[in-house]
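As a plain string of letters, each chain reads:
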Amino acid sequence: TKCESGCVCADGLYENLDGRCVPAEECPCEYGGLAYGRGEQIQTECEICTCTKGKWKCVQKTRCSSTCNLYGEGHITTFDGQRFVFDGNCEYILAMDGCSVNRPVSSFKIVTENVICGKSGVTCSRSISIYLGNLTIILRDKTFTISGENPGVQYKVKKNALHLMFDIIIPGKYNMTLIWNKHMNFFIKISRETQETICGLCGNYNGNMKDDFETRSKYVASNELEFVNSWKENPLCGDVYFVVDPCSKNPYRKAWAEKTCSIINSQVFSACHNKVNRMPYYEACVRDSCGCDIGGDCECMCDAIAVYAMACLEKGICIDWRTPEFCREFLEALL
């Protein structure tokens, strides 16, 4: 009805991200800030999605699992994909079941114990406790101990130079794989055969990240610190009131941290860049590298990069990023 300045596509054509007019069949799809072309696929724990006419068409996998990551100095990615970071010197419940009011009996509980590892106040996960009824597995000081027994639980321990892995089956309920890098990184991959409610810092595993900050009192916290404080295992521990920014406290370390962590943004990881959004991992690497100011700074940086490498591997991309000059102490463990 009136003239408007600018260019428009002809009928039946649509503008793509390059500003070209293309038919609907060639429209790209977006995920995590990245563009994917026609026919390209992305995989989540539960779905395989294909880009079709600018929209994702998703097919549910027959067996659905999800992973919660605890890595570096208090970085967590919940089962539903919510990310946050906290610094607390206490024991916290990562994940447990038996959270509903009607069924308060727990068949498993996983607890992380944090200790201060830097002058700026950042914390690192140093000890993991896994409670399976009367069976207890403790991960600490690069090794593990097992005490008690539970005939209703099946478990298997696997070792390699860099990781301890535990396959745990609670028949009729859960299949879990727990992976610990003997330092700060811990992964909980869980597949469940029941709709039992899960709770803790890893979230409620209901497919909706918006309500992941559900507290022990069953309400959604207004902020992540309120949520974290509610999951203290020991109520006598002090609350966390703020999140430390190590690079502000240690500005002299920031340039070094950004330079060393830039490998995540480099050609070394280029094959993975359109599969896994690298920015959260880069930012976590810089933060941790600034924060590890009482020795072990390279170890913190290597741990942070390894988390991105593992995320790439889950998407089928294997990156050979360690060299004799870079994260060498870990490379020697493999030789």
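Residues numbered from 1 in each chain as written. Predicted model: local features only at pLDDT ≥ 70, side-chain atom pairs only at ≥ 80, totals over all residues. Heavy atoms only, no water.

Per an unreviewed UniProt entry, the protein chain goes by the name MUC6 protein and belongs to Climacteris rufus.

Enquirer: When you look at the packing of aromatic side chains in this model, what are you seeing that I'm missing?
Expert: Aromatic ring pairs: the centre-centre distance and the angle between the two ring planes describe each pair. Enumeration according to the criterion identifies 13 aromatic pairs in this entry. With 5.1 Å between their ring centres and 50° between their planes, Tyr281 and Tyr308 make a pair best called tilted. Taken together, the residues span a long stretch of sequence, with Tyr281 in helix H5 (residues 279-291) and Tyr308 in helix H6 (residues 297-314) at a distance of 27 residues. Ring centres of Trp321 and Phe326 lie 6.3 Å apart, and the angle between their planes is 75°; on these two criteria the pair is classed as edge-to-face. Counting every residue linked through ring pairs, the aromatic cluster contains Phe84, Phe86, Tyr92, Phe213 and Phe227. The side chain of Arg83 reaches across the aromatic face of Tyr281, ending 4.8 Å from its centre. One Lys or Arg, Arg192, reaches over the ring of Tyr205 and ends 4.0 Å from the middle of that ring. (Phe/Tyr/Trp six-rings, centres within 6.5 Å; stacked < 30°, edge-to-face > 60°. Helix = DSSP H or I, 4+ residues; strand = E, 2+ residues; numbered from the N terminus. Lys NZ or Arg CZ within 6 Å of the ring centre and 35° of its normal.)

Enquirer: Quick question: what am I supposed to make of the domain arrangement of the protein chain here?
Expert: Reports of interface size often rely on the accessible area that becomes lost once the parts have come together. The domains assigned to the protein chain are domain 1 (13-60), domain 2 (65-230) and domain 3 (246-315). Relative placement of domain 1 and domain 2: their C-alpha centres are 34 Å apart. (Domains from an automatic or database assignment.)

Enquirer: I keep staring at the pairing of strand E14 (residues 135-140) and nothing clicks. Help me out?
Expert: A regular strand places its side chains on the two faces of the sheet in alternate fashion. Of all 6 residues in E14, 5 are buried; the element is thus mostly enclosed. Pairing between E14 and strand E15 (residues 143-147): 5 bridges, direction antiparallel. The residue of E15 that forms the bridge with Leu139 is Phe144. Here E14 hands over to E15 after 2 residues, with Asp141 in that stretch at a positive phi of 55°. (Buried < 20%, exposed > 50% of the residue type's maximum accessible area, 1.4 Å probe, protein only. Pairing = 2+ DSSP bridges.)

Enquirer: Whenever I open this one, the side chain of Ser107 confuses me. Can you help?
Expert: One can find Ser107 in the loop between strand E11 (91-97) and strand E12 (109-116). Judged by its relative accessible area of 15%, Ser107 is buried. Among the polar contacts made by the side chain of Ser107, one reaches the side chain of Asp97 at a distance of 2.5 Å. Residues in contact with Ser107, not counting those within four places in the same chain, are Asp97, Tyr131, Leu132, Gly133, Ile170, Lys173 and Tyr174. (Polar contact = N/O pair within 3.5 Å; in protein donor to acceptor, adjacent residues only side chain to side chain. Contact = heavy atoms within 4.5 Å.)

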